[in-house]
Every structure is written in C-alpha cells, then in structure tokens.
Amino acid sequence: MLSRIAESLFWIGRYVERADGTARILDVHLERLNHLPMEEQRSVAQELLAVMGARTQNEEFGLSELLNALAYDKHSTTSIAGSLGAARENARRARETVSSGLWESLNTTYYGLNQHRKDVVGTYRFCNWVLERTAMVSGLADTTVSHDESWLFLVLGRSLERADMTARMLSTRDVLSAGMSWVNMLRCAGAYESFLRTRRAAFGDQHAAEFLLLDRLFPRSIVYALRDADECLAKLDPSAQRVGFINDARRIVGQARTFLEFHRTDDLMAELPEHMERVQKAVSEASDAISRKYFNQADELAWVGEVS
C-alpha cells in the first residue's frame, strides 16, 4: 500500500474518533460548567482545555472561548469541527481506497457543520449530532471497506485515539470533580448499561474506574482499545522472531496494555492520574513510531546531489 494512502486512512480513524470523544466530553461537562460562577468557570475552562491537549494564556478565557476551541474552530484539529474537516480531507486524498459510502458520509458531515453552528442549534444538539454522524462513519467503515491493510490502518488510528480520548475523559473528572458523578462519566462513554449488567450490585468509584480502564470486553475501555491496536500492528507486520519485537509501536502499545492488565493496586483512584498520563504518553509515542515505520519516507526518497 502507498505510504500516503496508509497515512490518510490512519488519520481518518484518529480524527473521527477524536471528534466523537470530544463531543462526549463536552456533552457531559457542559451542564456543570454552565452553573459555575464566572471566575471559577474561567479557571475550569482553562484546565479542561489543557486536559484536551491545548493551552491558553488568555486570562479572560471562559466557557464561550472553550466551546469555540473544542467544538467550532475549523482551523484546529483539537476541535470537533477541525477534526471532522481533517478526516474529510484525508478521505479525499485516499478517494481511490475509501468506499463511496464512507466518503459520502464524511463529506455530508463536513458540509453539515454549517447547519449545526452554536448560534443555530446550540452546543448540546451539536454534540448529539456529532455522535450520530461519527457512529455512522464508523459503521460504514466497518461494513463497506474491505478488511485488508486499508481497514487495519483505519482501525489502528481509531483504537489509539479511543484509548487516548478515554484517558482524557477520565482525567477531566479531576478538573470538575465536585458534583461530577461516575454515573455521568459512564454515560459519557456509553458504558452505563454495560457496567450495570457486569457489576450488578457492586457500584462505586473504584468499580466504575476499573470498568472504563480495564474491562476486556467493553469497546471503549482503554485495555480493549490498546488490544485492538496491538492486533492491528501484529497483522500489519506479521514477521516473527524468537526474541523481542522489531516493531517499536507494538512494543510501546503492548507494554502499556500489559502494565494496566497485570498491575495490582488497592487504591486505583489515587493512581488514576498516573495511569492516564502513562496511556497518553504511550499513544503519542506509538503514533510517532507508526509514522516513522509506515509513513515518513521523505528521507529515503530524497535526491542526494553530486558533491562538486
């Protein structure tokens, strides 16, 4: 597969999942933010923006600026609109590989952004619309794209981003811990009903955190997402050796997943920030390793002129 096609598919997966995860995080925190005093609202908005991977030096940064930065700014891939625009652009570059259904869904979503601005429908409805559109895109990707290398790169990007976004979602609870229940956090991940069926009478902060972090069967748990990424990497590079791993990305993802699965603790809540930081670092390092291995061929193809 061409490097540029593989890279575009990888980033389609990441950007669509980023839009979905950001919409979930905004949706669960908006009501709480709206009821905070103005000074506290500004402080929390800046902290929440930092959790999402961006920072601002603007002391007047408040809820309106936060919504623009995370929802409506088409020029930043940190925002929902920017991520969906970037996903559509990557699909355009890989038009000969993506299915017609996937392309049309991304294209329709991109042009639908203008009808779902804050001044038209409000942020709550915007977030719900984004969740519906990203679910449709993911479903079309799974059902209309051949499950070959193309699909593996797309799922690899989606899985890494999902692990990262779930980690960021769990990190936001520290930002808005007062009044933010784990029920809301589970609903944010679409995990509430699955959690109840799994845990039944056992319910508490520790159990909810374990479910979102460690459950091997729930698709949005961090361990599940990292396992999916590991399986994609293994299929993309099936070469076997007797000792270690040649693929740096697989080593990074595997270490992060096995650490979480086999680490024993009596107080997961106290260690949660450390775990979330480790997951986000692993995703970033794995993404860089994937880029070096599969995408960045500029140095290899560069023309070396004759020495005069």
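The structure presented is a predicted model; accordingly, all values stated were derived computationally and were not measured. (Residues numbered from 1 in each chain as written. Predicted model: local features only at pLDDT ≥ 70, side-chain atom pairs only at ≥ 80, totals over all residues. Heavy atoms only, no water.)

Structural notes on the overall build of the chain
Spelled out, the test is: Strands here are runs of E lasting at least two residues and helices are runs of H or I lasting at least four, both read from the DSSP assignment and numbered beginning at the N terminus. The criterion used for residue contact is that any of the two residues' heavy atoms lie within 4.5 Å. Using the Shrake-Rupley algorithm and a 1.4 Å probe, accessible areas are obtained, with residue cover drawn only from the displayed protein chains.
Scanning the chain from N- to C-terminus turns up 15 helices and 0 strands. A sequence separation of at least 24 residues applies to 66% of the contacts in the chain between residues at least 6 apart. Only carbon and sulfur atoms are counted for the fraction: they give 48% of the accessible area of the chain, which is about 15,400 Å².

Quick look at the packing of aromatic side chains
Our working rule: Two rings from Phe, Tyr or Trp (for Trp, the six-membered ring) form a pair when their centres sit within 6.5 Å of each other. Planes less than 30 degrees apart are called stacked, planes more than 60 degrees apart edge-to-face, and all others tilted. Buried residues are those whose accessible area, probed at 1.4 Å on protein chains only, stays under 20% of the maximum for their type, while exposed residues exceed 50% and partly exposed ones sit between those limits.
Scanning the entire structure with this criterion turns up 10 aromatic pairs. Aromatic pair Phe-10 and Phe-295: ring centres 5.6 Å apart, planes at 55°, arrangement tilted. Taken together, the positions of Phe-10 in helix H1 (residues 3-34) and Phe-295 in helix H14 (residues 268-295) put the pair 285 residues apart, joining distant regions of the chain. Judged by relative accessible area, which is 0%, Phe-10 ranks as buried. A relative accessible area of 4% means that Phe-295 is categorised as buried. A ring pair is formed by Tyr-72 and Phe-126, whose centres lie 4.9 Å apart and whose planes are at 35°; its orientation type is tilted. Linking Tyr-72 in helix H3 (residues 63-72) with Phe-126 in helix H7 (residues 123-144), this pair joins segments that are 54 residues apart in sequence. When sorted by exposure, Tyr-72 lands in the same class as Phe-126, which is buried. Through a chain of ring-to-ring contacts, three or more aromatic side chains come together here, namely Phe-10, Trp-11, Tyr-15, Phe-153, Tyr-294 and Phe-295.

A short note on the packing of helix H5 (residues 100-112) against H7
The test is simple: With axes taken as lines fitted to C-alpha atoms, and helix axes fitted only over the stretch in contact, angles between N-to-C directions fall between 0 and 180 degrees. Any angle between 65 and 115 degrees counts as roughly perpendicular, while under 35 counts as roughly parallel, over 145 as roughly antiparallel, and the rest as oblique. For any helix crossing, the convention is left-handed if the near helix is rotated counterclockwise from the far helix by under a right angle, and right-handed if that rotation is clockwise. Just so you know the grouping, Ala, Val, Leu, Ile, Met, Phe, Trp, Tyr, Cys and Pro go in nonpolar, Asp, Glu, Lys and Arg go in charged, and all remaining residues, Gly too, go in polar.
Where H5 meets H7, the axes come as close as 9 Å, and the angle between the chain directions of the two elements is 165°. One element, H5, and the other, H7, form an angle in the roughly antiparallel class. Of the two elements, H5 crosses H7, and the hand of that crossing is left-handed. Contact residues: H5 offers Gly-101, Leu-102, Ser-105, Leu-106, Thr-108, Thr-109 and Gly-112, while H7 offers Trp-129, Arg-133, Met-136, Val-137, Leu-140, Ala-141 and Thr-144. Broken down by class, the residue content of the contact of H5 with H7 amounts to 7 nonpolar, 6 polar and 1 charged.

Considering the packing of H1 against helix H2 (residues 38-51)
Viewed as axis vectors pointing N to C, H1 and H2 meet at an angle of 165°, and their least axial separation amounts to 11 Å. By the criterion of interaxial angle, the relationship of H1 to H2 is roughly antiparallel. Note on packing geometry: the crossing formed by H1 with H2 is right-handed. Of the residues in H2, those in contact with Ile-25, His-29, Leu-33 and Asn-34 of H1 are Gln-41, Val-44, Ala-45 and Leu-48.

With respect to the pattern of salt bridges
What counts, and what does not: The rule for a salt bridge is simple: a side-chain nitrogen of Lys or Arg has to be within 4 Å of a carboxyl oxygen of Asp or Glu.
Enumeration over the complete set of coordinates arrives at 20 salt bridges. Between Asp-20 and Arg-220 there is a salt bridge, with its nearest N and O atoms 3.1 Å apart. Highlighted residues: Asp-20 in helix H1 and Arg-220 in the loop between helix H11 (205-214) and helix H12 (222-236), separated in sequence by 200 residues. Side by side, Asp-20 and Arg-220 carry an identical accessibility label, which is buried. Notably, a salt bridge pairs Glu-231 with Arg-227, separated by 4.0 Å at the nearest N-O pair. Residue Glu-231 and its partner Arg-227 are located together in helix H12, separated by 4 residues, close to a single helical turn. Each of Glu-17, Asp-20, Arg-24, Arg-162 and Arg-220 takes part in a single network of salt bridges with overlapping partners.

A look at the confidence of the model for the chain
For the record, the criterion: pLDDT runs from 0 to 100 and stands for how confident the predictor is about each residue.
Mean pLDDT over the chain: 86, with 87% of residues reaching 70 or higher. Confidence drops under pLDDT 50 across residues 298-308; counting only partners more than four residues distant or on other chains, this segment forms 0 contacts.

Description of H1
Using the following cut-off: Residue count minus one, scaled by 1.5 Å, sets the expected span of a helix. At any given residue, the bend is defined as the angle formed between two axes, one fitted to the seven residues that end at that position and one fitted to the seven that begin there.
Compared with an ideal rise of 1.5 Å per residue, which puts 32 residues at 46 Å, H1 spans 45 Å between its outermost C-alpha atoms and is within 8% of the ideal. Of all the bends in H1, the greatest measures close to 30° and is centred on Val-28.

Some points on the nonpolar core
Convention followed: The criterion is simple. A nonpolar core is a set of buried Ala, Val, Leu, Ile, Met, Phe, Trp, Tyr and Cys residues joined through side-chain atoms within 4.5 Å. Start and end positions for the domains come from either an automated domain assignment or a database one.
Leu-66, Ile-80, Leu-156, Leu-160, Leu-212, Ile-222 and Ile-290 are the most contacted members of the largest nonpolar core, which has 100 residues in total. Here the element with the most residues in this core is H1; it accounts for 15 residues. A domain-level breakdown of this core finds at least three residues from each of domain 1 (1-144) and domain 2 (146-307). Excluding residues within four positions of it along the chain, Leu-212 makes contact with Thr-166, Met-169, Leu-170, Trp-182, Met-185, Leu-186, Ala-189, Ala-191, Arg-220, Ser-221 and Ile-222.

Remarks on the environment of Thr-143
Within the secondary structure, Thr-143 is located in helix H7. Here the alpha-carbon distance between Thr-143 and Gly-101, two residues 42 residues apart in the chain, equals 9.6 Å.

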